[in-house]
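# Chain and residue survey
Chain residues, written in single-letter form:
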Amino acid sequence: MKIKLLLIGSLVAIAAMALLASSVNEREAERVALNKSPVVAEADKNKNEAWSRYYPRQYSSWKKTKESDEIKDMIEAKPQLAILWAGYGFAKDYNAPRGHYYAIQDNVNSLRTGAPTDDKTGPMPTACWTCKSPDVPRLMERDGENEYFTGKWARYGSEVVNAIGCADCHDNKTAELAVRRPYLDRALAAAGLPTFKNSTHQQKRSLVCAQCHVEYYFKKTEYKTKDGKDAVAKVVTLPWAEGLSAENMEKYYDDRNFKDFTNKISGTPILKAQHPGFEISSTGIHAQKGVSCADCHMPYTQEGAVKYSDHQVQSPLETMDRSCMPCHRESEKKLANIVKQKFDRKEFLMEIAMDNLAKAHLETGKAMELGATDDELKAIRTDIRHAQWRWDYSIASHASFFHAPEETLRLLASANETAQQARLKLVRVLAKYNAINFSAPDFSTKKNAQKLAGVPLAKLVDAKLKFKATLEKAWYKEAVKKGNLNMESREGVDKTSSYFKK
Ligand code: HEC
Ligand code: HEC
Ligand code: HEC
Ligand code: HEC
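Residues numbered from 1 in each chain as written. Chains lettered and ligands numbered in written order. Predicted model: local features only at pLDDT ≥ 70, side-chain atom pairs only at ≥ 80, totals over all residues.

### Here's the deal with the overall build of the protein chain
Helix and strand content of the protein chain: 22 helices and six strands. Seen through its principal axes, the protein chain has C-alpha atoms that stretch 115 × 60 × 50 Å. Of all 502 residues assigned to the protein chain, the portion counted as buried reaches 40%. Long-range pairs, those at least 24 residues apart, make up 71% of the contacts in the protein chain between residues at least 6 apart in sequence. (Helix = DSSP H or I, 4+ residues; strand = E, 2+ residues; numbered from the N terminus. Buried ≥ 20, exposed ≤ 12 C-beta atoms within 10 Å, placed from the backbone. Contact = placed C-beta atoms within 7 Å.)

Here you go:
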């Protein structure tokens, strides 16, 4: 009996060891496979699915950025925006950011990108794709950077089809962090900062985000095409040569007499801040203490014996246990309340700034209507330009209230003071033209504000829906045919926008 038991016992032990050995062998085989280069085939690297075999955890957490799908119509929430951006695409349609998974679809759905009917029509240049997809560096590498930045947005509709993903931040041969947008290194060098390659590992964990979460403008650049023709590219350029602060960039743009657009109501040459999140964050306490974007937005996650970075980039308030608690001692609830307080303080000053700015535009418009000259309005428009830039720089990246609270409030205070200066001067001009009692018309709803801004919303939506039923569909078919896209990767991506709900 004893011998029998011993025998069974050792058989079980042998079986267990064999199992373990085979799993060790499997893991060893996996390790060898992973270290064989190239990790992900060159031809497939821009498709996120191609990485899933090797990195299932990173892939499936990346895909969860799909869960952040809420459309928040910012013009509905803050109608003043339509006045501030009158004459510019953003007055038509502007939503708060969603998950990376939606980057391309939101760009395609936005009324800002219009309703092209072929690859030569539509309001926007190719540059509008730049922060949406790993297909962008693919095209820069294939066609040349200047060529990529030439022509209309619609030109690349069947080429830019995979949402922000693995090949935006990783080298496909080593899986190391890597950036593929050459304008970032040019900007770092212009600012006297180390380039990506020369940065520390911790800095790289933020710099991968700085490919996109930064301020930029389209710099007109003359060049010769491959067949020797003169052409002009609109090259995404980060205005960092004077430094990264709002005042540094204001000087950079002023020195170049640059404007993104002329406000249709007030005739002011306006700078539109894009989303200088990296820049303004760098003034905050976390960045100064060496905390990287990935520390909060891609926290480490433990799964059995495996530790990996959570690729569901989202609001860290959803993951406070992993994003904040490794460093902070107070309760999650208390910390979340402190964050909320910061948000409320920003909202308070921001609302005042936006109201002042909207009124300054409308009062200037009134003065123009009564015959005020460009000379009389010059100093006023300069004030409005600077006030609006400071307001926009401080809030455009959505979370500067947390990333850099003091800098955000400082800039909002400066925006308010400067907008007030403009309005003081306007009182004098309006008095001269017998309109001292003028008060700005109501802009408290999206409808009123877009009307004042001259946005033909219904017409824009109509044209967009036609585009979605025709050219957009053709793009994806062509993309599949060219081998750029797996249609499954688009599952469930096109459900809602600010103007249609399914
Ligand atoms: C290739 C460009 C690109 C890169 C690289 C990039 N982002 Fe984004 N990010 C975007 C765009 C575009 C959106 C908005 C997508 C939308 O609304 O459809 C966005 C949205 C976000 C959001 C909002 C998500 C939500 O659920 O509301 C966060 C947070 C964010 N990014 C953080 C980061 C961080 C942190 C990094 C670096 C680890 C990073 N991003 C790298 C382009 C980029
Ligand atoms: C917005 C940039 C960004 C994108 C997109 C991205 N990663 Fe990462 N990834 C990072 C960062 C940052 C780290 C942390 C690297 C470190 O500290 O070494 C990381 C880490 C990794 C690692 C190392 C192990 C780990 O989890 O820390 C692997 C493997 C990886 N990512 C694979 C992927 C795959 C596969 C995809 C696409 C499904 C992807 N990544 C998309 C930025 C990104
Ligand atoms: C110390 C933690 C921390 C660091 C570091 C950090 N963030 Fe954030 N981030 C947050 C918090 C908290 C929010 C606010 C989320 C909210 O309001 O729901 C946020 C929000 C955002 C948002 C706006 C999301 C939205 O939908 O409104 C973006 C974009 C973003 N961060 C990008 C970045 C980038 C890029 C970096 C690095 C330059 C960075 N963050 C560094 C904690 C951090
Ligand atoms: C890698 C460590 C680290 C992480 C992760 C981190 N913090 Fe911090 N946090 C710090 C440090 C360091 C300071 C500076 C104060 C200090 O030295 O004690 C700070 C300061 C703060 C402050 C006070 C400073 C201010 O701006 O008013 C708040 C609030 C805060 N953190 C919230 C958060 C939240 C929320 C998260 C998660 C989304 C987070 N932190 C993640 C290290 C971290």
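### Digging into helix H9 (residues 182–190)
Residues spaced three or four apart along an α-helix face the same direction, because each turn holds 3.6 residues. Of all the residues in H9, the buried ones are Tyr-183, Leu-184 and Ala-187. Around the axis of H9, the buried residues are gathered within 105° of arc, so they sit on the same side. Those residues of H9 hidden inside the fold are in contact with strand E2 (230–237). Looking one or two residues beyond H9, the residue adopting positive phi is Gly-192, at roughly 75°. (Arc of directions from axis to C-beta.)

### What to know about helix H19 (residues 405–432)
Compared with the 40 Å implied by 1.5 Å per residue over 28 residues, the 41 Å span of H19 between its first and last C-alpha is a close match. Buried residues of H19: Glu-407, Thr-408, Leu-411, Leu-412, Ala-415, Asn-416, Thr-418, Ala-419, Ala-422, Leu-426, Val-429 and Leu-430, and no others. Check the buried side of H19 and you find it contacts helix H11 (246–255), helix H12 (277–281), helix H16 (332–369), helix H17 (374–395) and helix H18 (400–403). Among the residues trailing H19, Asn-434 stands out with phi positive, at a value near 60°. (Expected span 1.5 Å × (residues − 1).)

### Quick look at the pairing of strand E5 (residues 300–303)
By the bridge criterion, four bridges tie E5 to strand E6 (residues 306–309) in an arrangement that is antiparallel. In the strand pairing of E6, Gln-302 is matched with Lys-307. (Pairing = 2+ DSSP bridges.)

### Side note on the site of ligand 2
Near ligand 2 you find 21 residues, and of these Tyr-55, Cys-166, Cys-169, Tyr-308 and Ser-309 are the closest. The set of elements that each furnish at least two residues to the shell around ligand 2 consists of helix H2 (56–63), helix H8 (166–169) and E6. Split by residue class, the shell around ligand 2 holds 13 nonpolar, six polar and two charged. (Near = placed C-beta within 6 Å. Nonpolar A, V, L, I, M, F, W, Y, C, P; charged D, E, K, R; others polar.)

### Looking at the site of ligand 1
Looking at ligand 1, there are 24 residues lining it, with Ser-68, Asp-106, Cys-209, Cys-212 and His-297 nearest. Among the elements that make up the shell around ligand 1, the one with the highest residue count is helix H14 (residues 293–297) (three residues). Here the residues of the shell around ligand 1 sort into 13 nonpolar, seven polar and four charged.

### Quick look at the environment of Trp-129
Mapped onto the elements of the fold, Trp-129 is located in the loop between helix H5 (103–109) and helix H6 (135–143). With 24 C-beta atoms packed within 10 Å, Trp-129 lands in the buried category. Between the C-alpha atoms of Trp-129 and Val-108, which are 21 residues apart in sequence, the distance is 9.4 Å. Apart from the residues within four sequence positions on either side, Trp-129 is in contact with Val-136, Trp-153, Tyr-156 and Val-160.

### Things to note about the environment of Ala-287
Residue placement: Ala-287 occurs in helix H13 (residues 285–288). Looking at Ala-287, the number of C-beta atoms within 10 Å reads 17, which means it is partly exposed. Expressed as a C-alpha distance, the spacing of Ala-287 and His-403, which sit 116 residues apart in the sequence, is 8.2 Å. Not counting the four nearest positions on each side in its chain, Ala-287 is found in contact with Ser-281 and Ser-282.

### Structural notes on unusual backbone geometry
Despite not being glycine, Asn-257 has its phi angle at roughly 55°, a positive value. Locating Asn-257 in the fold gives a position in the loop between H11 and strand E3 (261–262). In the Ramachandran plot, Asn-434 falls in the positive-phi region, its phi being about 60° despite a non-glycine side chain. Relative to the assigned elements, Asn-434 resides in the loop between H19 and helix H20 (446–452).

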